[in-house]
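If you want the building blocks of each chain, they are given just below.
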Amino acid sequence: MARSAGVLMPITSLPSKYGIGTMGEAARKFIDFLEEAGQTWWQILPLGPTGYGDSPYQAFSSYAGNPYLIDLDDLKDAGLLDTSDYTSEDWGADPERVDYGQMYEHRFKVIKLAVQRFMENPPEDYETFLREESDWLPDYALFMAIKEEQGGRSWLEWPEELRRHQPEALREASDRLAEKLTFWKVIQYLFFRQWEHLTEYAHQHHVRIIGDLPIYVSPDSADAWADAKQFQLDRDGRPTEVSGCPPDGFAADGQLWGNPLYDWDYMKTQGYDWWIRRIRCQFRLVDKLRIDHFRGFESYFAIPYGDKTARNGVWKKGPGMDLFRAIGHALGKVDLIAEDLGYLTPEVIQMVKDSGFPGMKVLQFAFDTRDTGTGYLPYQYTRNSVAYTGTHDNETVNGWIATAPREDVELAERYLHLDPIEGAHWGFIRTVYGSVSDLAIIPMQDFLGLGHEARINTPSTTGNNWTWRASEDAFTPELARKIKDFTELYGRKEV
């Protein structure tokens, strides 16, 4: 991997007039900014359709795209909307926060108009799209159509014949809900075509995309419903144990994620085909892929289903390198980043080494005594790694300075020679850029020097997560020049 740099910026956090960042003009302008700033990479969050809590790590599908990311102005330019169809809708009172309640109330109403016009004269490649996505799209469309019919309830609360995926019940539902199935399929066509246009634009401007793959699927997902044998579920579809992580300095009760766990023994008998298909799909969309919670492949934390905290969880063995050898055999060399953060045993460290994938180095963790991990001081980095000031789960640098234990902050100030005139965020960025890591990724909020108000996510909490958005005037030529100067100074400008 050549020495390079990039920016972590969720698509939803881009500015727009219509409540949420999308794949339209704002995304193209952001790519222009990245090019001007000498950046090679744009790292995003998972692209899937979000459910309750709006977390991109709890999607209704591993394959589908998030309808909220479809750009309305681009639909207008394609002849599928009139400006009046969406400009008068209420998209939220704060242009720098996503109001997901307003999104849910208004977005689908507008997209329904676009789908109706689309079906009046579908393009020739629509049928090709349906054939190419036939291994997941019919299940997803049926899942979403039934969910809508059931008032949004989890599939675990559906009538038994639907919950258990009985063929006759599914045929009857497909006939009954044919119009709704078309709606959900067309939405995916619109998403994928806009995404293709955006990635083409990025490549034309010398920017590549780093995607993000959650290790687990949502309990309320088409994946768990349609392919239950892949998971540790009882005969009613309920998990026997669920995912999470143990107590640490940040969460005294641990983190209870609640995702169903994989039946690794069954997956092995199938040659890990489920994982191979999932990763192959991702590499149709992105150039490099970060796999979340990589340590969970060596050992995973299993919490009894129904527990209210993660305190009673236990570690169990995962597939380890057996899985990644199968992926390599099927797909060849894959450009993955291993999210190897947290408590790492010698076995996990060896698995990351054996995989050859670069791990992650988060500079905030070098100084935060609430974190139990080691290896985050800059002198401990290796070339085959990706260095960050923080991730979407961290405070911004300035937020960390304001909220971390005072002795931790003082150590960082001494170690990094933080200068209030330069700004602590630039001191962190300078250190990450100057590290030996081949790739440096900086959250956009740190380049902007924002504080706690711009934090993306606080793990183990619900409420104000995933809502931050940049202001319309955030990406200035002056900031692009400063970032480019840093990039060139520290030898991270790809030629």
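Source: prediction; values computed, not measured. (Residues numbered from 1 in each chain as written. Predicted model: local features only at pLDDT ≥ 70, side-chain atom pairs only at ≥ 80, totals over all residues. Heavy atoms only, no water.)

I would appreciate a short explanation of helix α16 (residues 424-434) in the present structure.
Residues that lie three or four places apart on an α-helix share one face, since the helix turns once every 3.6 residues. In terms of burial, α16 is a largely internal element, nine of the 11 residues being buried. For α16, the full list of buried residues reads A424, H425, W426, G427, F428, I429, T431, V432 and Y433. (Buried < 20%, exposed > 50% of the residue type's maximum accessible area, 1.4 Å probe, protein only. Helix = DSSP H or I, 4+ residues; strand = E, 2+ residues; numbered from the N terminus.)

Can you walk me through the packing of aromatic side chains in this structure?
Each aromatic ring pair is specified by the distance between its two centres and by the angle formed by the two planes. The full count for this structure, using the stated rule, is 50 aromatic pairs. Aromatic side chains F183 and W184 sit 5.1 Å apart centroid to centroid with 75° between the ring planes, which places their arrangement in the edge-to-face category. Ring geometry for F367 versus F428: centroids 6.4 Å apart, planes at 75°, classification edge-to-face. Note that F367 is positioned in the loop between β10 (359-362) and β11 (385-388) and F428 in helix α16, a separation of 61 residues in sequence. In this structure, F367 and F428 share a single accessibility class: buried. An aromatic cluster is built from Y216, F231, W257, Y262, W264, Y272, W274, W275, F294, F297, F324 and F357, whose rings are joined through pairwise contacts. In this structure, R492 is placed above the aromatic ring of Y433, and the distance from its NZ or CZ to the ring centre is 6.0 Å. (Phe/Tyr/Trp six-rings, centres within 6.5 Å; stacked < 30°, edge-to-face > 60°. Lys NZ or Arg CZ within 6 Å of the ring centre and 35° of its normal.)

Can you walk me through the pattern of salt bridges in this structure?
Pairing is possible between side chains that carry opposite charge, provided their charged atoms lie close to one another. Taken as a whole and assessed by the stated rule, the structure comprises 34 salt bridges. A salt bridge links R406 to E413, with the nearest nitrogen and oxygen atoms 3.1 Å apart. Overall, the relative accessible area of 44% leaves R406 in the partly exposed class. Exposure remark for E413: the relative accessible area of 30% places this residue in the partly exposed category. Here E478 and R481 are joined by a salt bridge, their closest N and O atoms 3.7 Å apart. (Salt bridge = Lys/Arg side-chain N within 4 Å of Asp/Glu carboxyl O.)

Teacher, can you tell me more about the sheet that holds strand β6 (residues 288-291) here?
Each strand in a sheet pairs with another by means of backbone hydrogen bonds, the pair being arranged parallel or else antiparallel. Read from one edge to the other, the open sheet built from eight strands follows the order β9-β6-β3-β2-β1-β12-β11-β10, with strand pairing classed as parallel. Either end of the sheet is taken by a strand with one partner, and the two such strands are β9 (336-338) and β10. The mean angle between the axes of side-by-side strands here comes to 25°, regardless of whether they run parallel or antiparallel. Together, β1 (4-8) and β2 (41-43) form the strand contacts of helix α1 (residues 25-36), whose direction differs from that of β2 by roughly 135°. (Pairing = 2+ DSSP bridges. Axes fitted to C-alpha atoms, helices over the stretch in contact; angles between N-to-C directions. Contact = heavy atoms within 4.5 Å.)

Sorry, what's going on with the packing of helix α3 (residues 100-120) against helix α8 (residues 178-204) here?
Two quantities define a packed helix pair, namely the angle between the axes and the distance from one axis to the other. Where α3 meets α8, the closest approach of the two axes is 10 Å, and the angle between their N-to-C directions is 90°. Considering the angle they form, α3 stands roughly perpendicular to α8. Along the contact surface, α3 presents F108, I111, K112, V115, F118 and M119, while α8 presents T182, F183, W184, V186, I187, Y189 and L190. Residues belonging to the contact of α3 with α8 are distributed by class as follows: 11 nonpolar, one polar and one charged. (Parallel < 35°, antiparallel > 145°, perpendicular 65-115°, else oblique. Nonpolar A, V, L, I, M, F, W, Y, C, P; charged D, E, K, R; others polar.)

Can you walk me through the nonpolar core in this structure?
The nonpolar side chains of a soluble globular protein tend to be buried, and buried together. Among the nonpolar cores identified, the biggest contains 159 residues, and M9, F30, W42, W195, W275, F297 and F324 are the most heavily contacted of them. A per-element tally of this core places α8 first, with 12 residues. With near-sequence residues (within four places) excluded, F30 lies in contact with V7, M9, L14, W42, M444 and F475. (Core = buried A, V, L, I, M, F, W, Y, C linked by side-chain atoms within 4.5 Å.)

Is there a simple way to explain the sheet that holds strand β8 (residues 314-317) in this structure?
Here we have four strands laid out as an open sheet, ordered β5-β4-β7-β8, and antiparallel in their pairing. Looking along the sheet, the strands with just one partner apiece sit at the ends: β5 (255-260) and β8. Within this sheet the neighbouring strands show an average axis-to-axis angle of 50°, counted without direction. Here three bridges tie strand β4 (residues 241-245) to β5, and the two strands are oriented antiparallel to one another. Bridged to C245 within β5 is Q255.

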